[in-house]
Amino acid sequence: MWKNRVVLAAAVLCAATIAASGCSVPESAPADTGSTQASESTLLGIVTISATDANNARVIEGATEAAEAAGWTVQVVDAAGNADQANTAIQNFVNKDAGMIFNLVFPATSLGAGLNAASQANIPVATWGGGPGDGIVVVAGDGAPFAEPATQALIDALDGEGEVLALTYRTGQVCRDREALFDEMMAEQAPDVNITKNEVNIPGFLQDGARYANAWLAANPANSGNLAVWGCWEDPTLGAISSIKQQGRTDVLTYGINGSSTAIKAVQDGELTATVFEDARAEGAKMFQETLAAIESGDFASRTADVPGILVTADTIDSFLDEHPEALD
């Protein structure tokens with residue numbers, strides 16, 4: 001059966017090179033990193049923390065294009081920020097005898113039940129933004145590196161003093177990692193800057209960003225000093241921008257991460273100070289490639305599949321769009 005699987009995977013690998021996505025659940029058993037007898041199924045099951053988030057959608061697009069070009073079928077489950085639903089979705093894909101499962105953003109530590117079920121069934125799991133863990137064969141979308149350029153730009157602009165509203169989200173591993181790097185960089189380079197933290201929800205991040213910004217703006221009147229909003233991804237920041245615009249404020253810098261088409265347009269329009277473009281479609285494609293390679297070789301040892309981010313500001317937006325016109329799609 002395994003030999004048949006190898007032959008199938010080899011043929012599929014020649015037909016496509018793009019795709020992504022993943023899932024997670026509570027405590028899991030150690031992954032088998034030796035030769036593995038996998039299912040002959042060509043079903044890719046994707047579990048996402050939010051199907052409406054722009055970057056999650058891009059990963060799904062990249063994974064789907066690659067999988068379908070290779071003759072695979074793709075099914076997507078939106079777990080809406082709920083790890084229990086993500087675990088159930090993974091287990092359901094195991095019951096459907098999926099060929100691979102992708103997890104988008106849920107931490108591997110919260111997906112033990114699902115990962116254990118996948119491991120027992122010898123189904124490889126790839127994660128985008130969920131971090132490494134038992135049962136994870138491919139790790140993509142490491143959250144922390146994408147936060148560095150935006151955070152550094154914020155620190156440089158504040159010049160050692162001011163107020164920052166940091167919009168966080170601790171259910172997702174990506175935002176956990178980005179917040180940790182933000183804290184480290186601020187402590188080392190801008191220890192005198194005062195930081196107010198508020199955690200947003202999924203769904204509801206735009207509304208939460210606007211609501212928290214309203215309260216923060218009231219506490220920091222116009223021209224009271226250096227002011228900035230930082231989001232662990234840009235959607236909460238875009239919510240904050242709606243409040244900033246509504247109050248007619250022009251004294252607040254705004255930073256995000258991911259580089260959704262909405263964010264890129266906001267940089268173009270001068271509303272968002274900076275974002276970091278993450279080529280999630282390419283990451284999705286690479287996830288599919290690497291997972292397929294694991295199936296072909298029978299080696300389920302963990303491997304990484306990351307694509308570097310690009311800082312996009314008013315100064316670089318034109319040259320960026322020359323190179324990445326698809327960023328506005």
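Residues numbered from 1 in each chain as written. Predicted model: local features only at pLDDT ≥ 70, side-chain atom pairs only at ≥ 80, totals over all residues. Heavy atoms only, no water.

Focus on the overall build of the protein chain
Phase 1: Each helix and strand in the protein chain was counted, giving 11 helices and 12 strands.
Phase 2: Looking at the protein chain as a whole, 56% of its 329 residues qualify as buried.
Phase 3: In the protein chain, of all internal contacts separated by at least 6 residues, the share reaching a separation of at least 24 is 80%. (Helix = DSSP H or I, 4+ residues; strand = E, 2+ residues; numbered from the N terminus. Buried < 20%, exposed > 50% of the residue type's maximum accessible area, 1.4 Å probe, protein only. Contact = heavy atoms within 4.5 Å.)

Considering the nonpolar core
When a protein is soluble and globular, its nonpolar side chains tend to lie buried together.
Phase 1: Ranked by internal contacts, the top residues of the largest apolar core, which has 89 residues, are Leu44, Phe102, Trp230 and Phe288.
Phase 2: Counting 13 residues, the second-largest nonpolar core is a separate cluster that includes Ala266, Ile317, Phe320 and Leu321. (Core = buried A, V, L, I, M, F, W, Y, C linked by side-chain atoms within 4.5 Å.)

Considering the state of the cysteines
Phase 1: Within this structure, the stated rule accounts for 1 disulfide.
Phase 2: Covalently, Cys175 is tied to Cys232 through a disulfide, its sulfur atoms 2.0 Å apart. Where Cys175 bonds to Cys232 through sulfur, the torsion about that S-S bond is close to 75°, and the disulfide is right-handed. One end of the pair, Cys175, is in helix H6 (residues 173-189); the other, Cys232, is in the loop between strand S8 (227-231) and helix H8 (234-246), with 57 residues separating them in the sequence.
Phase 3: For Cys175, a relative accessible area of 5% gives the class buried. (Disulfide = S-S within 2.5 Å.)

Section: the confidence of the model for the protein chain
Phase 1: For the protein chain, per-residue confidence averages 88 on the pLDDT scale, and 88% of positions sit at 70 or higher.
Phase 2: Counting interchain partners and residues more than four positions distant, the pLDDT-below-50 stretch residues 1-35 has 158 contacts. (pLDDT = per-residue confidence, 0-100.)

Overview of the environment of Trp72
Phase 1: Mapping Trp72 onto the fold places it in the loop between helix H2 (54-69) and strand S2 (73-78).
Phase 2: Judged by relative accessible area, Trp72 falls into the buried class, the value being 4%.
Phase 3: Trp72 sits 31 residues away from Ser41 along the chain, and the two C-alpha atoms are 8.6 Å apart.

Regarding H8
Phase 1: Taking 1.5 Å as the rise per residue, H8 with 13 residues should run 18 Å; its terminal C-alpha atoms sit 18 Å apart, in good agreement.
Phase 2: Burial within H8 is extensive, with 10 of its 13 residues counted as buried.
Phase 3: Packing partners of the buried residues in H8 comprise strand S6 (163-168), helix H7 (205-219), S8, strand S9 (252-255), helix H9 (261-268) and strand S10 (274-277).
Phase 4: Of the residues one or two after H8, Gly248 is the one with positive phi, at around 70°. (Expected span 1.5 Å × (residues − 1).)

Looking at the packing of aromatic side chains
Phase 1: For the coordinates displayed, the defined rule picks out 5 aromatic pairs.
Phase 2: Look at Tyr169 and Trp233: their rings are 6.0 Å apart centre to centre, the planes differ by 70°, and that puts the pair in the edge-to-face class. Taken together, the residues span a long stretch of sequence, with Tyr169 in the loop between S6 and H6 and Trp233 in the loop between S8 and H8 at a distance of 64 residues.
Phase 3: Taking the relative accessible area as the measure of exposure, Trp233 reaches 5% and is therefore buried.
Phase 4: Geometrically, the ring pair formed by Phe182 and Trp230 is stacked, given 4.3 Å between the ring centres and 25° between the ring planes. With Phe182 in helix H6 and Trp230 in strand S8, this residue pair connects regions lying 48 residues apart in the sequence. Across the pair, exposure class does not vary: Phe182 and Trp230 are buried alike.
Phase 5: Through pairs of rings, three or more aromatic residues link up here, namely Tyr169, Phe205 and Trp233.
Phase 6: Arg211 extends its terminal NZ or CZ atom over the ring of Tyr212, reaching a point 4.6 Å from the ring centre. (Phe/Tyr/Trp six-rings, centres within 6.5 Å; stacked < 30°, edge-to-face > 60°. Lys NZ or Arg CZ within 6 Å of the ring centre and 35° of its normal.)

Some points on H9
Phase 1: Of the residues making up H9, those classed as buried are Ala263, Ile264, Ala266 and Val267. For H9, the arc enclosing every buried residue in end-on projection is 160°, short of the 170-degree limit, so these residues lie on one face.
Phase 2: Tucked into the core, H9 has its buried residues touching H8, S10, strand S12 (310-313) and helix H11 (317-323).
Phase 3: With its phi angle positive at about 80°, Gly270 sits one or two positions after the end of H9. (Arc of directions from axis to C-beta.)

Points about the packing of H7 against H8
Phase 1: The geometry of H7 relative to H8 is characterised by a closest axis approach of 7 Å and an angle of 50° between their N-to-C directions. Classified by the angle between their axes, H7 and H8 sit oblique to one another. In this structure, H7 crosses over H8, and the sense of that crossing is right-handed. Residues Phe205, Leu206, Gly209, Ala210, Ala213, Asn214 and Leu217 of H7 pack against Asp235, Pro236, Leu238, Gly239, Ala240, Ser242, Ser243 and Ile244 of H8.
Phase 2: Classifying every residue of the contact of H7 with H8 by side-chain character gives 9 nonpolar, 5 polar and 1 charged. (Axes fitted to C-alpha atoms, helices over the stretch in contact; angles between N-to-C directions. Parallel < 35°, antiparallel > 145°, perpendicular 65-115°, else oblique. Left-handed = near helix turned anticlockwise from the far one by under 90°. Nonpolar A, V, L, I, M, F, W, Y, C, P; charged D, E, K, R; others polar.)

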